[in-house]
Amino acid sequence: MGTRRTRRFWLCWALALAVTAVWTISASPVQTSQPVGGADHGSYVALTFDDGPWPGTTNTLLDGLAQRGVKATFFLVGEQVADRAETVRRMADEGHQIGLHTWHHVSLKGMTPDQITSQLDQTRAAIREIVGPVDLMLRPPYGFVDDTLRQWAKAPIICWSLDTEDWKDPTPSRITADILRQVKDGDIILMHDIFDTSVTAALAAVDQLLAQGYRLVTVEELFAQRGQDPQPGAVYCSLPPAQKEEVEP
């Protein structure tokens, strides 16, 4: 019953926002490609989206990201993957990172090892059947983590440092303003690609972040830029710059 209630909750959210949203998805990016540069040429942030893939909104978001030359990370709900295989394949083909968000969008905290394994292995199998062998990081629903999950995740656990709360207050202008006010180098930004309003806000934020010189990268690209190797069972919320060694004169 808990799983059914969880699915009904998200379906109700999506339907309510689809009826009430009055915002038009932005289709005209400020710039169409990211500036070229290395670690000393700007700040890096990872834009991440949970709970998809979703009919309509996920592909609209992918369209907007493609126009802007931006890559993001999508943590997918397993039971939604098979019916939207073309969208998942498009994510991989266009260079986005794909990750795990459990099979039923349930909290993994307090689960037994067998329950954790079932939720994650089903999702891994569904994704790999579409895109082939690929390493998949984990975004635990609600950010809930315990010692059992750390031991049995068999993947790096990716949380976040900037929560847009786009499910709570879906006003696009508010979401975009919050991102721009709080963002800093190394942030992992949490959003959801199941709401039209979130897609509008995300693309507006991307335009302004690019204009400010930010590099928007996938989570794995952020690790690579920092020279870090993500470890299974370790929890990551952001990736601040590596400390530079002091050189004696």
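Structure: above.
Just so you know, these numbers come straight off a predicted model, no measurement behind them. (Residues numbered from 1 in each chain as written. Predicted model: local features only at pLDDT ≥ 70, side-chain atom pairs only at ≥ 80, totals over all residues. Heavy atoms only, no water.)

## Structural notes on helix 4 (residues 113-131)
Think of an α-helix as turning once every 3.6 residues; residues three or four places apart then point the same way. For helix 4, built from 19 residues, the straight-helix expectation of 27 Å at 1.5 Å per residue is met to within 8% by its first-to-last C-alpha distance of 26 Å. Considered for burial, the residues of helix 4 that qualify are Ile116, Thr117, Gln119, Leu120, Thr123, Arg124, Ala126, Ile127 and Ile130. Those residues of helix 4 hidden inside the fold are in contact with strand 2 (73-76), helix 3 (85-93), strand 3 (97-100) and helix 5 (147-152). One or two positions beyond helix 4, positive phi appears at Gly132, with a value near 90 degrees. (Helix = DSSP H or I, 4+ residues; strand = E, 2+ residues; numbered from the N terminus. Expected span 1.5 Å × (residues − 1). Buried < 20%, exposed > 50% of the residue type's maximum accessible area, 1.4 Å probe, protein only. Contact = heavy atoms within 4.5 Å.)

## Here we look at the nonpolar core
In terms of nonpolar packing, the biggest core is built from 47 residues, with Phe74, Leu138, Met191 and Leu216 touching the most fellow members. With eight residues, the top contributor of residues to this core is helix 7 (residues 196-211). Excluding residues within four positions of it along the chain, Leu138 makes contact with Phe75, Leu100, Leu108, Leu120, Leu149, Ala153, Ala155, Pro156, Ile157 and Ile158. Grouped together as the second largest cluster of nonpolar side chains are twelve residues, Ile158, Val217, Phe223 and Leu239 included. (Core = buried A, V, L, I, M, F, W, Y, C linked by side-chain atoms within 4.5 Å.)

## Remarks on the packing of aromatic side chains
Scanning the entire structure with this criterion turns up three aromatic pairs. For the pair Tyr142 and Phe144, a centre-to-centre distance of 5.6 Å together with 35 degrees between the ring planes defines the contact as tilted. Classification of Tyr142 as partly exposed rests on a relative accessible area of 41%. Judged by its relative accessible area of 39%, Phe144 falls in the partly exposed class. Taking the ring centre of Trp54 as reference, the NZ or CZ of Arg84 above it sits at 5.6 Å. In this arrangement the basic side chain of Lys109 is found over the ring face of Phe144, its NZ or CZ atom lying 6.0 Å from the centre. (Phe/Tyr/Trp six-rings, centres within 6.5 Å; stacked < 30°, edge-to-face > 60°. Lys NZ or Arg CZ within 6 Å of the ring centre and 35° of its normal.)

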